[in-house]
Amino acid sequence: MAFTRKDFPEDFIFGAATAAYQIEGSQFGGAGRSHWDTFAKGPHNVIRAEDGATACDHYNRFEEDLDIMKAGNFDAYRFSTSWSRVLPEGKGQINQTGLDFYDRLTDSILERGLKPFLTLYHWDLPAALADLGGWKNPDIHNWFGDFAEIIDQKIGDRMASIATINEPWCVSYLSHMLGHHAPGLRDIRAAARSMHHALKAHGEAITRLRSRGRDNLGIVLNFEYAHPKSNSKDDIKAAAIQDALYNRWFIEAMSKGCYPQEALAGLEPHLPEHWQDDLKTHIHQPLDWLGVNYYTRSLVAHASNDPCWPHLSTSNGPLPQTQMGWEIYPEGLEYFLSTLKENYIGELPIYVTENGMAWDDTLKNGHCDDALRKEFIHKHLEAQKESLRKGVNLKGFFYWSLLDNFEWAFGYEKRFGMVHVDFETQKRTPKDSFYMLQNMLER
Ligand code: IFM
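Residues numbered from 1 in each chain as written. Predicted model: local features only at pLDDT ≥ 70, side-chain atom pairs only at ≥ 80, totals over all residues. Heavy atoms only, no water.

K.L.:
Would you mind showing me how to read the environment of Phe-336 here?
P.N.:
With respect to the element layout, Phe-336 can be found in helix H13 (residues 330–345). Each C-alpha atom of the pair Phe-336 and Tyr-225 lies 8.0 Å from the other, and the pair is 111 residues apart in sequence. Every residue in contact with Phe-336, bar those within four places of it in the chain, is listed here: Phe-223, Glu-224, Tyr-225, Asn-247 and Tyr-294. (Helix = DSSP H or I, 4+ residues; strand = E, 2+ residues; numbered from the N terminus. Contact = heavy atoms within 4.5 Å.)

Structure below.
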């Protein structure tokens with residue numbers, strides 16, 4: 001690693017990120033089921049029908065995991081709260097044991113001198129709410145607002161920052177249009193509604209937490225560079241539609257109070273009534289910071305044989321790929337950081353809240369040489385340094401993820417961690433990338 005802390009601004013934060021369902025273990029301690037517990041039981045939804053029932057057993061091992069964070073010289077720990085652990089039915093009765101877990105977790109983060117970066121919702125919707133239509137239900141903003149307030153009352157005053165939702169594109173489009181994640185729908189009406197309701201729920205939570213005095217509120221969006229597959233007019237147009245659906249829908253609504261025309265062209269007939277009013281009352285309001293998750297790019301082509309809107313297909317280009325089959329394209333990170341500053345948020349602080357790669361990591365003599373990951377991190381830090389040079393108000397970087405964990409539809413097959421987890425024994429083994437960052441971050 002060519003960098004040290006001194007290559008970044010004095011107050012730049014280095015952290016690692018996790019999410020409740022991917023590491024804690026589920027369905028115990030009074031928790032209700034989430035829609036991932038039920039989705040994983042469905043045919044061919046998750047590789048080998050694996051689920052988050054045990055995951056990394058972080059619920060019982062969080063002290064050990066936070067010790068690793070501290071030993072790595074990190075400044076901050078990004079985690080999420082499980083809605084169904086705290087509200088087993090999604091609303092109503094609180095599971096005090098679940099809420100107390102987050103209280104203890106917060107204390108333990110702070111005791112180690114780490115800054116807690118909370119994400120309220122990272123995809124584990126209570127199954128009871130999924131039964132009521134989940135993100136399609138027009139009441140979900142109220143349910144989410146109640147959940148946000150319950151969490152805030154318990155731990156909000158100790159958080160360095162609070163994000164409402166992680167990756168609303170995945171919550172909505174990936175899960176309701178492409179069918180890859182819970183609830184596994186391929187339904188344009190469900191997609192349009194969930195894309196709108198996720199933003200409305202975000203806005204509701206922001207309003208409620210603002211009225212409780214919070215001034216460190218944000219949201220975490222994911223961005224994927226949409227590259228036209230050729231110079232043809234059709235491919236260029238297809239890439240613009242993909243960019244609107246994936247990269248512009250959420251930020252444009254929050255920062256400008258409108259949806260991109262290229263996306264509305266297909267989605268408008270499916271949006272709920274009075275959607276324009278929600279933009280004004282809930283969605284278009286200031287943030288204190290923005291989280292950017294970035295992993296890869298895709299090549300986008302017009303699909304003339306596809307009768308369904310948006311008539312496009314995505315594929316990989318020729319660049320080296322990670323275990324996910326994602327091309328390594330750090331230029332995309334630099335592009336988004338600059339574009340966000342120039343077109344949407346100006347000087348608003350940005351954090352890279354996720355960036356990392358999966359690899360088929362194995363241990364040899366108790367040691368994991370993940371040279372590719374070290375290179376990946378280095379290249380993406382270079383991209384961030386370049387963005388800083390161009391004046392982007394970038395405040396920190398979180399590696400995804402601290403631990404190998406439950407990678408959603410891919411089960412435990414894909415290893416993103418800088419710490420190897422043996423899922424049989426739960427033994428944690430820091431990989432070389434961890435030691436690289438540990439050295440870099442030493443004060
Ligand atoms: O594991 C996920 C995480 O939950 C959200 N962002 C992308 C990661 C890698 O796929």
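On we go.
K.L.:
Got a minute to help me understand the pairing of strand E8 (residues 350–354) in this structure?
P.N.:
The side chains of a regular strand alternate, residue by residue, between the two faces of the sheet. Across the 5 residues of E8, 5 count as buried, placing the element largely inside the fold. Strand direction decides the pairing type here: strand E6 (residues 289–302) and E8, joined by 4 bridges, are parallel. Along E8, the bridge assignment pairs Gly-291 with Tyr-351. You can see the chain leave E8, run along helix H14 (residues 371–389) and come back into strand E9 (residues 394–400), and the turn it takes is right-handed. (Buried < 20%, exposed > 50% of the residue type's maximum accessible area, 1.4 Å probe, protein only. Pairing = 2+ DSSP bridges. Right-handed = clockwise from strand over helix to strand, strands pointing away.)

K.L.:
I tried to follow the packing of aromatic side chains on my own but got confused; where do I start?
P.N.:
The description of an aromatic ring pair uses the distance of the two centres, along with the angle that the planes make with each other. Taken as a whole and judged by the stated rule, the model has 44 aromatic pairs. Look at Tyr-121 and Phe-144: their rings are 6.4 Å apart centre to centre, the planes differ by 85 degrees, and that puts the pair in the edge-to-face class. Remark: Phe-144 occurs in helix H7 (residues 140–155) and Tyr-121 occurs in strand E3 (residues 115–121); sequence separation between them is 23 residues. For the pair formed by Tyr-121 and Phe-144, the shared burial category is buried. Three or more aromatic residues joined by ring pairs make a cluster, and in this case those are Tyr-21, Trp-36, Phe-39, Trp-123, Phe-406, Trp-408, Tyr-412 and Phe-423. One cation-aromatic arrangement involves Arg-85 over Phe-101; the distance from NZ or CZ to the ring centre is 5.8 Å. (Phe/Tyr/Trp six-rings, centres within 6.5 Å; stacked < 30°, edge-to-face > 60°. Lys NZ or Arg CZ within 6 Å of the ring centre and 35° of its normal.)

K.L.:
Just checking my understanding: could you explain empty space enclosed by the protein for this structure?
P.N.:
A probe matching the size of a water molecule, rolled over the atoms, marks out where space remains unfilled. Applying the stated criterion across every chain, the model contains 3 cavities of 30 Å³ or more. If you go around the largest cavity, you meet 14 residues; those closest to its centre are Tyr-21, Gly-25, Ser-26, Ser-82 and Ser-84. Residues that form the lining of the largest cavity fall into these classes: 3 nonpolar, 7 polar and 4 charged. Quantified by volume, the second largest cavity comes out at close to 60 Å³. (1 Å grid on protein atoms, 1.4 Å probe; cavity = no way out; pocket = protein on both sides within 12 Å on 5 of 7 lines; lining within 4 Å. Points joined across faces, edges and corners; volume = space filled by probe spheres on them. Nonpolar A, V, L, I, M, F, W, Y, C, P; charged D, E, K, R; others polar.)

K.L.:
What am I meant to see in the nonpolar core here?
P.N.:
Generally speaking, a soluble globular protein has its nonpolar side chains buried in company with each other. Grouped together as the largest cluster of nonpolar side chains are 127 residues, with contacts concentrated most on Trp-83, Trp-249, Tyr-259 and Leu-290. Take this core: its biggest share by element is 11 residues, from helix H10 (residues 233–256). Not counting chain neighbours up to four residues away, the residues in contact with Trp-83 comprise Gly-90, Tyr-121, Asp-124, Leu-125, Pro-126, Leu-129, Ile-140, Trp-143, Phe-144 and Phe-147. With 15 residues, the next largest nonpolar core counts Ala-19, Ala-163, Met-324 and Phe-416 among its residues. (Core = buried A, V, L, I, M, F, W, Y, C linked by side-chain atoms within 4.5 Å.)

K.L.:
Even after reading the chapter, I still don't get the site of the ligand, so can you show me in this structure?
P.N.:
Near the ligand, the surroundings consist of Gln-22, His-122, Trp-123, Asn-166, Glu-167, Tyr-295, Trp-326, Glu-354, Trp-400, Glu-407, Trp-408 and Phe-416. Here an oxygen atom of the ligand and a side-chain polar atom of Glu-407 are 2.6 Å apart. In this structure, Trp-408 approaches the ligand through a side-chain N or O atom, which is 2.8 Å from an oxygen atom. The fraction of the free accessible surface of the ligand (280 Å²) that becomes covered by protein chains is 95%. Assessed atom by atom at 2 Å from the grid points, the ligand resides in the largest pocket. For the shell around the ligand, the residue count by class is 6 nonpolar, 3 polar and 3 charged. (Near = heavy atom within 4 Å. Polar contact = N/O pair within 3.5 Å; in protein donor to acceptor, adjacent residues only side chain to side chain. Areas by Shrake-Rupley, 256 points an atom, 1.4 Å probe, with all protein chains shown as cover. Sits in = over half its atoms within 2 Å of the grid points.)

K.L.:
What should I look at first to understand the packing of H13 against H14 in this one?
P.N.:
The packing of two helices is summarised by the inter-axis angle and the distance between the axes. For the pair H13 and H14, interaxial distance at closest approach is 8 Å and the crossing angle is 25 degrees. Relative to H14, H13 is oriented roughly parallel. In the crossing of H13 with H14, the sense of the turn from one axis to the other is right-handed. Along its contact with H13, which presents Pro-330, Leu-333, Glu-334 and Leu-337, the element H14 presents Lys-379, His-380, Ala-383, Gln-384, Glu-386 and Ser-387. A class-by-class count of the residues in the contact of H13 with H14 yields 4 nonpolar, 3 polar and 3 charged. (Axes fitted to C-alpha atoms, helices over the stretch in contact; angles between N-to-C directions. Parallel < 35°, antiparallel > 145°, perpendicular 65-115°, else oblique. Left-handed = near helix turned anticlockwise from the far one by under 90°.)

K.L.:
I keep staring at the pattern of salt bridges and nothing clicks. Help me out?
P.N.:
Pairing of side chains with opposite charge becomes possible as their charged atoms draw close. Within this structure, the stated rule accounts for 36 salt bridges. Where Asp-103 meets Arg-158, a salt bridge forms, and the shortest distance between an N and an O atom there is 2.5 Å. Taken together, the positions of Asp-103 in helix H5 (residues 96–111) and Arg-158 in the loop between H7 and strand E4 (161–166) put the pair 55 residues apart, joining distant regions of the chain. What makes Asp-103 partly exposed here is its relative accessible area of 22%. Residue classification places Arg-158 among the partly exposed residues on the basis of a relative accessible area of 22%. Bridged by salt links that share partners, the residues Asp-361, Asp-370, Arg-373, Asp-404, Arg-415 and Lys-431 form one connected network. (Salt bridge = Lys/Arg side-chain N within 4 Å of Asp/Glu carboxyl O.)

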